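Report on the structure
Single-letter residue listing:
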Amino acid sequence: MMILGIIAATAITVAIIVRVLYPPIWRDLLTLKIVFSFLRNLQRSLKNREFIIDTFEKHVRNHSDKLMILFKDEKYTYGDVDAEACKVARSLLNDGVEQGDTIALVMSNEPAYLWIYLGAQKVGARLALINHHLVSEGLWKSIEACSPKLIIVGDGLAEDYLPSKVSKVLPNLSKRVLVYSYNVARSGIDFPCLSDVMEGLPADPIDPSKRAEVKLTDPSVFIYTSGTTGLPKAAIITHKKSLLCSLSYAVVGFSKRDIVYVSLPLYHASAMNLALLNVINQGATVVLKDKFSASNFWPDCVKYNVTVVQYIGEMMRYLVNTPECPEEKCHKLWGLAGNGLRSDVWRKLKDRFKIQNIFEFYGSTEIPASLTNYFNEEGSVGRLSPLLGLLTGLVLVDIDKTTQKPYRDQNGRCRKTLPGGSGALIAKLSSKVTFDGYLGSASATNSRILKDVFQEGDHYVTTNDEFFLDQDYNVFFKDRQENAIRWKGENVSAMEVSNVLINADFVQDANVYGVTVPGCEGKAGMAAISLKDGCDVDNEKVEEIARLSRDNLPGYARPRFIRFQRQMSLTSTFKQNKLDLAQEGFDINKVEEPLYFLQRKDDTYQELDSNAYINILRGDQAL
């Protein structure tokens, strides 16, 4: 008994000493418990070789009458969705689609998106999730990049008829591709109708042998990310990564009883890889919306008994700015999961709506790096203590403020960021942790790899994102590095915008960067346009910039501000100087050159005078 008492006393003493010397230990231990639970689930799925489609079909066998999709006033059970998915699969097989072939899907949120995804999975095909907001070259290049066997096109929203957009870019494709419109054409677009074809096909189960050769390391879907080098790139999402994503919510209590609200577009990694795949993994229910509406949010939550919401910060900012409604006080929401939530909005959400859990996370579509805030730490995306960094292979490294790349000392080594500082998040690569990169773009893939980071021969992959590390090892998202601009939940490529603007014959160069707008999430795009010699700013030139933006860029990518320069601002090494321009922003008290802002009502640029400037600062002028 005495020995047991001594052991107990020693253990308590050690725990107290550790707690005093290293206060975050308890949060580290709880985080590790969650991580190990996740890894056990992952190992079980990998051992059983259970892919997403296998899990879905298991739910169909066990509870086919369980509601899977709620969309407006439509309801679809797991059995209903499987029947449609089987018809999709049979149609693909009839068109010669085989394991490893790619189907490009251009569709806004609707139930068919899910059964087309599942139908492709049933035959081992890959689905390229095309951003349906893209136009012109962006749309064409995204389709071209994945070399599809066929293309499936939805109607889109009322104001954005997708078959018409796709038909315009088809002549630019390098090879002729079969194109299906999912629904009957509304405006004379001559595509065969997939839903008509499906009506004549049986809904019998598809033989699993049709996908028997698919490996965990094979691509499952391609999700496009607008990086720093121009047009959208197709990030490779393997079946293994899909499995990993599908297990991420179970460790925080998500179960088959939950009803998840998804209004993000399904081409987004957050909507597809996280919300939808976790619904499938647990056999839960999804409330699918074609787009987000702050005024309808709480009535929807009450109507559909929503328990979990997938969000981006911009959505929640809209929500806290809406007038009070009765439904916000009688909802059943127990958790929010998402990213980009500002601290001030966080407080308002919790105080006003009494939401119990906010699981803010950081995750990159293509990079094997993720963090999750399990402790409701306001504004944080997770923890990265020395212990957690050692076990996860994630580390923050200091940034060279001149190059905006990881800092290298005289020996060529990077330097870890200390608490109280900011750094770039990088992830160590190994035989088990891999970077799958971008489809058909070795240069873009290799540009993310860092070699000899801390010792000769090591390899890391960079997220190109900057974070602040506080004294308790909580991590806070700070900014995107290089040329990517995050606006309204979308990544905007500065290079892509610049390449559009320089098509105006009076433009010498265009420097695109992000600027902070009070009350708005992320950074608004701003373009400093250098005019050619002999050219002056006039209404025709301003309208030409607006026309180029309207015709070639999706709405979220159009610059919110234009600054006309006589001479381009360059660094000492003759690179575009973004830092000084971004610091000046659209402040009419600092900028003496002509400034214009985007009037969203009619997508034209108007001169930024003192009244408009004040309205933007107050939030009275929509951007």
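Each remark here, short or long, concerns the structure printed above.
Computed from a prediction, not measured in an experiment: that's the story for all the values here. (Residues numbered from 1 in each chain as written. Predicted model: local features only at pLDDT ≥ 70, side-chain atom pairs only at ≥ 80, totals over all residues. Heavy atoms only, no water.)

**Thoughts on the nonpolar core**
As a reminder, the rule being used: Here, nonpolar core refers to any group of buried Ala, Val, Leu, Ile, Met, Phe, Trp, Tyr and Cys residues whose side-chain atoms link them within 4.5 Å. Accessibility here uses a 1.4 Å probe with only protein chains present; expressed as a share of the type maximum, an area under 20% marks a residue as buried, one over 50% as exposed, and anything in between as partly exposed. Strands are runs of DSSP state E lasting at least two residues, helices are runs of H or I lasting at least four, and both sets are numbered from the N terminus onward. Throughout, a contact is declared for two residues whenever any of their heavy atoms are within 4.5 Å.
If you look at the biggest cluster of nonpolar residues, it comprises 101 residues, and the most contacted ones within it are W115, I116 and L349. Counting residues per element, this core draws most heavily on helix α10 (residues 269-282), at nine residues. With residues near it in sequence (within four places) discarded, W115 still touches Y76, V81, E84, A85, V88, Y182 and M198. The next biggest cluster of nonpolar side chains, apart from the first, holds 69 residues, and it includes I143, V177, M526 and Y556.

**Thoughts on helix α11 (residues 294-303)**
Threshold: Of all possible arcs, the one meant is that of the directions from the helix axis to the C-beta atoms.
When α11 is considered as a whole, its buried residues turn out to be A294, F297, W298, D300 and C301. Within α11, the buried residues cover an arc of 160 degrees as seen down the axis, which keeps them to one side. On the buried face of α11, the contacting elements are β9 (259-262), β11 (308-312), α12 (313-320) and α13 (343-353). One or two steps after α11, the chain reaches N305, where phi turns positive at roughly 55 degrees.

**With respect to the environment of W487**
Inspection of the secondary structure assignment puts W487 in strand β21 (residues 484-487). Given a relative accessible area of 1%, W487 falls into the buried group. Taking the C-alpha atoms as reference, W487 lies 25 Å from V507; in sequence the two are 20 residues apart. Look past the residues within four positions of W487 in its chain and what remains in contact with it is V492, C520, E521, K523, A524, Y556, R560 and L623.

**Details of the pairing of strand β24 (residues 524-531)**
Counted only if it meets this: At least two bridges found by DSSP between two strands are what make those strands a pair. The crossover handedness rule: strands pointing away from the viewer, path from first strand over the helix to second strand clockwise, crossover right-handed.
Burial within β24 is extensive, with eight of its eight residues counted as buried. Relative to β24, strand β23 (residues 507-515) runs antiparallel, the two being bridged by eight bridges. Bridged to Y513 within β24 is M526. Here β24 runs beside strand β25 (residues 561-565); their pairing, made up of five bridges, is parallel. What sits directly across from M526, in β25, is F561. Handedness of the β-α-β unit built from β24, helix α17 (residues 539-552) and β25 comes out right-handed.

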